[in-house]
Amino acid sequence: MRGNAEAHELIAPGSLPAVLDLLASAPGEWTPLAGGTEVMVAFAAGRLGAQKLVNLWGIPDLRFIRTTSSSIVIGACTTFLDLRAHADLAAELPLIAKSASWIGSVANQSRATLGGNLANGSPAADSSPALLVYDAEIEMVSKRGSRRIPYAEFHTGYKQNVMAPDELLYAIHLPRRFADHRHYLRKVGTRRAMAISKVALAASTLLEDGVVSEIRLAAASLAPFPTRLFKTEAVLLGQPLTNEALLEARGALFAEAQPIDDIRSTANYRKHVVANLLHEFLLGLSAEGASR
Amino acid sequence: MSTTAKTRIVGASAPRKEGADKLLGRALYIDDIEREGMWFGSTVRSTIPRGLIRSIGFDRRINWSDFTVVTAADIPGENHIQLIVADQPCLADGQVNHCDEAILLIAHPDKHKLRDAISAVHIEYETLPPIFTIEESEHRDQIVWGKDNLFKSFLLEKGNVDSVWESAAHIVEGEYRTGAQEHLYIENNGIIAEWSAENGVTVWGSLQCPYYVHKTLIKIFDLPDDKVRVIQTETGGAFGGKEDYPSTLASHAALLAMKSGHPVKMIYDRMEDLAATTKRHPSRTRHRTALDKDGKLLAMEIDLATDGGAYATLSSTVLSRATLHAPGPYSCPNVRIGAKAWATNNVPYGAFRGFGAPQTIFALERHMDEIASALSIDPLELRRRNFLHTGDTTATEQLMREPLIMDQLLDRALKESDYHTRRARFARENPTSAIKRGIGIACFYHGSGFTGSGERILNSLAGVDVSPEGKVRVMVSNTEFGQGTNTVLTQIAAEAIGIDYDDIIMAAADTGLVPNSGPTVASRTVMVVGRLIERAGLQLTATLREQAGLGDKFTREEFFAACERVRSAKGEVVSLVRYEAPPGIFWDDEKYHGEAYPSYAWSVHMAQVAVDTVTFSAEVEEYWAVQEVGRVLNPVLATGQIEGGIAQGIGYALYEKVVMQNGRMANNQMTNYIIPTAEDVPPIHVFFEEIPFKYGGYGAKGIGELPHDGPAPSILNAIKNATGVSFHSIPLLPEDLFAQLVARESAKEHATL
Amino acid sequence: MSETWPTIHFTINGTACVVQAPPMKRLLDVLREDLHLKGTKEGCGEGECGSCSVRMNGELVNSCLVPVLQAGGADIQTVEGLAANGKLHPIQKAFLSCGGAQCGICTPGMLMAAAQLIDRNPHPSMAQIREGLAGNLCRCTGFMRIFESVLAAATLAPDPAPEETPNAR
């Protein structure tokens, strides 16, 4: 244990407005701390640079799941166990609960938050691929007001995002238009549980008469941050799922994916495996199509 | 005779002796303990793998007068850890030979002050070229140890291998490699030390061998035996990783205690423990095997090399066991094994469950499947044709006198696993499945106890005594760290004496209290020390009958009353016995010839593995282990040992990779040193056969290390069955499977062009 | 210095407690150092091994990842609170008879995870048991005896009466 608790401040303003006041008063000085499953690991390793922390855990305004007619809105401090337990999410956006079940262990899922996962911005983030293929939007708030952007525009670089120093990630908005889509999500880790992604692929698609009328693909660990695979999508959009199309998509993904070698895996492995995942997904679709 | 007679307690699953304390959270591990006025210590370590220390500077931002700082200059006696060769310094003195080598120690009353202080010590080095592989060491461009980088070499010869190469129907060669493996005991290394001029050195800690630590401390401090006391505390896992390393940590804590005048606690955090302490020796084994047209072994030539890291530690004895297990449970008239342990600038490697055998058994059992392919013989049949039987001799020409039932073990493994049905099903399903399944086997023995005359040299002393409060105490220096020492030895004592299990306790593993019954290693505890306790217990009751009027049958009250009569007469009630070697054990250490081990446990493992061609990951789906282990003294504990060893072996094969970068472990966190979780372990089926061993405690042989030998070869044999591709090296990660399988695909594509 | 540390109230194993500690001090360290409850262990400090698992407000958490400030007002249960009035909890009894503990260092956390699992799901399947314990690493047992212990404890748990599970469907 290399952290020194006395070297850090942690305060709990206790409400969302109070937190925003604090962030506005000293932009960039206060690091939000929600479930602690990232910050406390860095702390114990002696790598927590942030000296001042502001507590978000326990603020009711940040932990909610609301269903409207057009969307499901998830508060940033919603935990992964909360996500797994929610009936509407399970029914319409199953990849959310699926990725939530992969976050560490039950003990981590009870504390890790969706907002924390996104704000931390690891390229291997478990929740990101699903959010990307569900057209998630991120709502950020500050004393100045609130704004929403597509999640696909949230990350700008390795562990970097668009948030201003006085902004807080407030909620994730998910449109309720994917219930009829075909969903796919697979994570490849070092073991079945408690594993950081080597690579993961999420997909949602709509087929009409065997032709791809909508397709969204997203991956973890292929780039400095989780990304949509727009070029590969373009190759599939409007196409029937023939063998040629599958091969072409595989080739496109191979070219689009730019993973790296790191301590967990190799670039070559990641590329080949994500292409296999795509193939597995598309094969599953065309098999079902053929059997109709 | 005791080995086969009906027993009351031995053979039953008596509940774990210290189980209630562990379950209630009351068991005290070293970090749960505080001593009055205790300070905390930490270590300044080398950041380079090899070089000279040019200067040590102390940044003035720290108030150093509040700290105690210890260097090699503070060592009163010899600056060496006493293992086999006294080459490893307790603290580096002018030179470092591996990353994270201990250079300085610091202590302070506030543990939070230590991190900053460590980063305020500035060491300047003159770097020297490091070497990190067996091959670099063999080439001897850099000499990093002794005159020639060679810690140890053995040559084992039987018959004359060179007489058969020309005429042999088949010659098969292969090279096999194993990587390092980390113990990952869930409790990190920890010690508390105290020093006083009056009492000398006292240490408490997480350790396997109190007398090993004692042996080093008396030399470090130049103190007589009775001025050093070592006490084992509840130990949270060890697996060999706390056999030699605690001697270093205890020395460090004791030096700080001496210089500071305070008790000092040193507990490693996970990152430090992973980076700085011992691991399993990496190995390279080359096989060249001659067979006749029927697949009978004619000659085995084996070239074995291990990487010992920067200091000798236990490399010679690991090499010895590796050598003696290399030829496996097979009869072969001509054998030559050349074995060498090499020095590099890696962090020194040390003891780990199996102690060289997992390395060479992996090579052999993989090689047997390669031979089977080359000769187009079924891998089971190849083994049956070559199994050792009673009356055969091993590679050291040890005559197998005991009943040897490898065929029956194999039969049972095949039956319990429904091997043929499964294998046929996989052959049918694999071609059209993205998941390729296979089933593979490993057949092996594991020698129980110390090699050759090792036990004679240890000359263990052990026994029981009775306290006035009416408790019988088992007096041994052997320790509990999960494997069941406390439970089984007290079962044996209860059985031999004729009283209840609940009336026996273990004396603390405290060198100030118990005799030296040898280390808790080499799967010797129940067989060797158990036998001593059995004899001591029988001796106690015999004495009570002869001298205190105890009847043939007696109640609990009568027993303790008789003890008190002896105490009145003699002042104490104690029964100690010394080790007696079984007859017929002759071992020539020069020629590597004779009875290598007093007994062997025999085993057949079977692994069903699924290889996912989408992700290239291999997972063990189901596992069977059949073993003949002498007598099983506690079925639940014995089963738990087999299952735990198999889980570790599965990690060794498929998950656990020590990633070294410039001599430093780069993945020194639990998040990236990967062991199987509850979701990864397969169902494991354990079956025992029992042929009591006359000279083991109530007929027992050793079992602790046996199960770690089987998984790596059986799993990789299963992968070969599943994919048709042979892998020769572990850990076998998905990236490695991918590289070979995809390379194979491209080669096929090119071939068809 | 310490006068500026917040005062934090919570309940531990049914008993009200108050500590004064730096807000970032890990709950694990507060339990062990301030409250002298040594049963909860540190195996990794990274939330990987689960040796530090406790129950906080009815949820299983890794106490090495909880800054004590966030435990304010919480209801916390550690291994010391499993046995009631000197009677072993069914899961502790099962571990004893089935050999679920070997070296014992992972055991407190494992017991908390197992107790949590059975409380939430009195008759878990093997897949659910594996998932429930996936965050608790054991290096000694290979998990088989632990699975048996959980299954044994689960069969001991009576089927909940309808009134006790308002959410069951």
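All chains use their own residue numbering, which begins from 1 and follows the written sequence. Lettering for chains starts from A, numbering for ligands starts from 1, and both go in the order in which the items are written. Where local features are concerned, this predicted model is filtered to residues with pLDDT of at least 70; where side-chain atom pairs are given and counted, the filter is 80 or more; whole-chain, interface and lining totals use all residues.

Caption draft 1: Examining the overall build of chain A more closely. Segments assigned H or I by DSSP are reported as helices when at least four residues long, segments assigned E as strands when at least two residues long, and all are numbered from the N terminus. Looking only at helices and strands, chain A features 11 helices and 14 strands. Taken over C-alpha atoms, the radius of gyration is set against a globule rule of 2.2 Å times the number of residues to the power 0.38. Here chain A has a C-alpha radius of gyration of 20 Å; the compact-globule value for 292 residues is 19 Å, and the two agree. C-alpha extents for chain A along the principal axes are approximately 60 × 45 × 30 Å. Expressed as a percentage of the 292 residues in chain A, the buried residues total 53%. Three exposure classes are used, all based on how many other C-beta atoms lie within 10 Å of a residue's own C-beta (placed from the backbone): buried at 20 or more, exposed at 12 or fewer, and partly exposed between those limits.

Caption draft 2: A look at the overall build of chain B. The helix and strand tally for chain B stands at 18 helices and 28 strands. Taken against the 2.2 N^0.38 rule, which gives 27 Å for 753 residues, the C-alpha radius of gyration of chain B at 27 Å falls within 12% of a compact globule. Taken along its principal axes, the extent of the C-alpha atoms in chain B is 85 × 75 × 50 Å. Within chain B, the fraction of its 753 residues that count as buried is 59%.

Caption draft 3: Region of interest: the packing of helix α7 (residues 315-325) of chain B against helix α8 (residues 357-375) of chain B. Residues and elements named next belong to chain B. Angles here are taken between N-to-C directions and fall from 0 to 180 degrees, while the axes themselves are lines fitted to C-alpha atoms, restricted in helices to the stretch in contact. Axis separation between α7 and α8 bottoms out at 7 Å; the angle between their running directions is 30 degrees. Relative to α8, α7 is oriented roughly parallel. Between α7 and α8 lies a crossing whose hand is right-handed. For the pair formed by α7 and α8, the contact residues are Arg321, Ala322 and His325 on the first element and Ala357, Gln359, Thr360 and Ile361 on the second. Working definition: roughly parallel below 35 degrees, roughly antiparallel above 145 degrees, roughly perpendicular at 65 to 115 degrees, and oblique for all remaining angles. Definitions for this section: a left-handed crossing has its near helix turned counterclockwise from the far helix by less than a right angle. A right-handed crossing has that turn clockwise. Whether two residues are in contact depends on their C-beta atoms, placed from the backbone: they are in contact if these lie within 7 Å.

Caption draft 4: Layout of the interface of chain B and chain A. At the interface, 22 residues of chain B touch 23 residues of chain A. For the side of chain B that touches chain A, a count of residues per class yields 11 nonpolar, six polar and five charged. Three categories are distinguished: nonpolar for Ala, Val, Leu, Ile, Met, Phe, Trp, Tyr, Cys and Pro, charged for Asp, Glu, Lys and Arg, and polar for the others, with Gly belonging to the last.

Caption draft 5: Inspection of the interface of chain B and chain C at higher detail. Each side of the interface is counted separately: chain B has 40 residues, and chain C has 38 residues. Those elements giving two or more residues to the side of chain B that touches chain C turn out to be α1 (19-24) and α16 (635-654) of chain B. The element that contributes the greatest number of residues to the side of chain B that touches chain C is α16(B), accounting for seven residues. Split by residue class, the side of chain B that touches chain C holds 19 nonpolar, 12 polar and nine charged.

Caption draft 6: Structural detail: the packing of α8(B) against helix α17 (residues 711-723) of chain B. All names here are of chain B. Where α8 contacts α17, the two axes come as close as 8 Å, and the packing angle between them is 30 degrees. Considering their axes alone, α8 and α17 lie roughly parallel with respect to each other. Judged by the sense of rotation from one axis to the other, the crossing of α8 with α17 is right-handed. Contacts between α8 and α17 involve Pro358, Ile361, Phe362, Glu365, Arg366 and Asp369 from the former and Ala712, Pro713, Leu716, Asn717 and Lys720 from the latter. Split into classes, the residues belonging to the contact of α8 with α17 amount to six nonpolar, one polar and four charged.

Caption draft 7: Region of interest: the sheet that holds strand β2 (residues 31-33) of chain A. All names here are of chain A. Two strands are counted as paired when DSSP detects at least two bridges linking them. Taken in spatial order, the three strands make up an open sheet running β1-β3-β2, and their pairing is parallel. At either end of the open sheet lies a strand with only one pairing partner, and these are β1 (9-11) and β2. Between one strand axis and the next, the sheet turns by 30 degrees as a mean value, whatever way the strands run. Relative to strand β3 (residues 52-55), β2 is paired through three bridges, and the arrangement is parallel.

Caption draft 8: How the structure looks around the nonpolar core. All names here are of chain B. What makes a nonpolar core is a set of buried Ala, Val, Leu, Ile, Met, Phe, Trp, Tyr and Cys residues, with links drawn between C-beta atoms within 7 Å. Grouped together as the largest cluster of nonpolar side chains are 380 residues, with contacts concentrated most on Ala253 and Ala254. With 10 residues, α16 is the single largest residue contributor to this core. Residues within four places of Ala253 in sequence aside, it is in contact with Gly41, Ile191, Ile192, Ala193, Val203, Val264 and Met266.

Caption draft 9: Fine view of the domain arrangement of chain A. For each domain, the first and last residues come from an automatic or database assignment. We note that the domain assignment places domain 1 (5-55), domain 2 (60-175) and domain 3 (182-291) within chain A. Distance from the C-alpha centre of domain 1 of chain A to the C-alpha centre of domain 3 of chain A: 37 Å.

Caption draft 10: Broad picture of the sheet that holds strand β3 (residues 53-56) of chain C. Residue and element names in this part refer to chain C. In space, the five strands of this open sheet follow the order β2-β1-β5-β3-β4, with mixed pairing throughout. Both edges of this open sheet fall to β2 (15-20) and β4 (59-62), since each of them pairs with a single strand only. The average undirected angle you get between the axes of adjacent strands in this sheet is 40 degrees. Of the strand pairs in this sheet, strand β1 (residues 7-12) and β2 are connected by six bridges, and their pairing is antiparallel. By the bridge assignment for β2, Thr11 is matched with Ala16.

Caption draft 11: Structural detail: unusual backbone geometry. The step from Ile730(B) to Pro731(B) runs through a cis peptide bond, and the omega angle for that step is 5 degrees. Counting through the fold element by element, Pro731(B) comes out in the loop between β28 (729-730) and α18 (734-752). In the Ramachandran plot, Asp209(A) falls in the positive-phi region, its phi being about 50 degrees despite a non-glycine side chain. Tracing the backbone through its elements, the reader meets Asp209(A) in the loop between β12 (199-208) and β13 (211-220). A tally of 7 C-beta atoms within 10 Å means that Asp209(A) is categorised as exposed.

Caption draft 12: Main features of the pairing of strand β10 (residues 200-205) of chain B. Residues and elements named next belong to chain B. For β10, the buried fraction is high: six of the six residues fall into the buried class. Sheet topology note: the strand β9 (residues 190-196)/β10 ladder contains six bridges and is antiparallel. Within β10, the position partnered with Ile192 by the bridge is Trp204. Turn length for the β9-β10 hairpin, with the two strands adjacent in sequence and antiparallel, is three residues. Where β10 meets strand β11 (residues 228-232), five bridges bridge the pair, whose relative direction is parallel. Paired with Thr202 across the bridge in β11 is Arg229. Look down the strands so they point away from you; if the path from the first strand over the helix to the second goes clockwise, the crossover is right-handed. As a crossover connection, the stretch from β10 through helix α4 (residues 210-221) into β11 is right-handed.

Caption draft 13: Geometry of the environment of Val188(A). In this structure, Val188(A) sits in strand β11 (residues 182-188). Val188(A) gets classed as buried once you count the C-beta atoms within 10 Å, which come to 25. For the pair Val188(A) and Ser99(A), spaced 89 residues apart in sequence, the C-alpha separation works out to 12 Å. With near-sequence residues (within four places) excluded, Val188(A) lies in contact with Ser197(A), Lys198(A), Val199(A), Ala200(A), Val273(A) and Thr615(B).

Caption draft 14: Inspection of the domain arrangement of chain B at higher detail. Residue and element names in this part refer to chain B. Once the domains are mapped, chain B shows domain 1 (19-28 + 454-578), domain 2 (33-128 + 183-276) and domain 3 (283-451 + 591-746). On a C-alpha basis, the centres of domain 1 and domain 3 stand 36 Å from each other. Each partner contributes residues to the interface: domain 1 has 21 residues there, and domain 3 has 23 residues. Counting residues per element, the ones that place at least two in the side of domain 1 that touches domain 3 are α12 (454-458), α13 (485-497) and α14 (525-548). With seven residues, the top contributor of residues to the side of domain 1 that touches domain 3 is α14. Its residues assigned to classes, the side of domain 1 that touches domain 3 comprises nine nonpolar, seven polar and five charged.

Caption draft 15: Region of interest: the confidence of the model for chain B. pLDDT measures the predictor's confidence residue by residue and takes values from 0 up to 100. Averaged over all residues, the pLDDT of chain B is 97; the fraction at 70 or higher stands at 99%. Our summary of model confidence lists the complex with pTM equal to 0.97 and ipTM equal to 0.97.

Caption draft 16: Region of the structure containing helix α10 (residues 243-256) of chain A. Residue and element names in this part refer to chain A. Here the expected length of a helix is defined as 1.5 Å per residue gap, with one fewer gap than residues. The terminal C-alpha atoms of α10 lie 20 Å apart, and with 14 residues this matches the ideal 20 Å at 1.5 Å per residue to within 8%. Every buried residue of α10 is accounted for by Ala249, Leu253 and Glu256. Each buried residue of α10 sits inside an arc of 65 degrees when the element is viewed along its axis, so together they form one side. Exposed side of α10, more than 90 degrees from the buried face: Asn243, Glu244, Leu247 and Ala255 are the residues found there. Here the arc refers to the set of directions running from the helix axis out to each C-beta atom.

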